[in-house]
Amino acid sequence: VQKQLYLASSRAIESRRMDRLFYDPIAAVITSRKALKLAEKESSLEQTEYCLRERFIDDFVRSTLKKSEEIKQVISIGCALNTRLFRIAISREDVKFYEVDKPNVVEYRKKILNKVSGA
């Protein structure tokens, strides 16, 4: 779970930038202070590479769903604490998102996202 918290911290740092690649307000809420401090000390090149990959995948999923009404499912394998489905903000209620990971990660994810949503 520590690696997932680090990646969430990288997305939170990116979201604070004026020239950000994406905005992920949930990332700052789901990460830990320890992970955020570690990410702030890390190489900006490593974080930029990760954030570029996230932006590419976000854009790909968003554009693919806009181009094809036939696509009804998006499956994210190894989703960890990724919040892509919130970031891409599509307006198609007919699309179902499935996020798959190891049982312990899924349980942690549910717990942390329930706190964020107030459920």
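Quantities reported herein were computed from a predicted structural model and do not represent experimental measurements.

Asks: What is the right way to read the pattern of salt bridges from this model?
Replies: Think of it this way: side chains of opposite charge can pair up when their charged atoms draw near. Scanning the model with the defined rule gives 17 salt bridges in all. With its nearest N and O atoms 2.9 Å apart, the salt bridge here joins Arg11 to Asp24. With Arg11 in helix H1 (residues 2-16) and Asp24 in the loop between H1 and helix H2 (25-30), this residue pair connects regions lying 13 residues apart in the sequence. Judged by its relative accessible area of 2%, Asp24 is buried.

Asks: Hey, could you run me through the packing of H1 against helix H4 (residues 44-67) in this one?
Replies: A pair of packed helices can be characterised by two numbers: the angle between their axes and the separation between those axes. Interaxial distance between H1 and H4 falls to 10 Å at its minimum, and their mutual angle equals 85 degrees. Regarding the angle of H1 to H4, the classification is roughly perpendicular. Residue-level contacts link Tyr6, Leu7, Ser10, Arg11, Ile13 and Glu14 of H1 to Glu46, Gln47, Tyr50, Cys51 and Glu54 of H4. Classifying every residue of the contact of H1 with H4 gives five nonpolar, two polar and four charged.

Rules used in this analysis
- Residues numbered from 1 in each chain as written.
- Predicted model: local features only at pLDDT ≥ 70, side-chain atom pairs only at ≥ 80, totals over all residues.
- Heavy atoms only, no water.
- Salt bridge = Lys/Arg side-chain N within 4 Å of Asp/Glu carboxyl O.
- Helix = DSSP H or I, 4+ residues; strand = E, 2+ residues; numbered from the N terminus.
- Buried < 20%, exposed > 50% of the residue type's maximum accessible area, 1.4 Å probe, protein only.
- Axes fitted to C-alpha atoms, helices over the stretch in contact; angles between N-to-C directions.
- Parallel < 35°, antiparallel > 145°, perpendicular 65-115°, else oblique.
- Contact = heavy atoms within 4.5 Å.
- Nonpolar A, V, L, I, M, F, W, Y, C, P; charged D, E, K, R; others polar.

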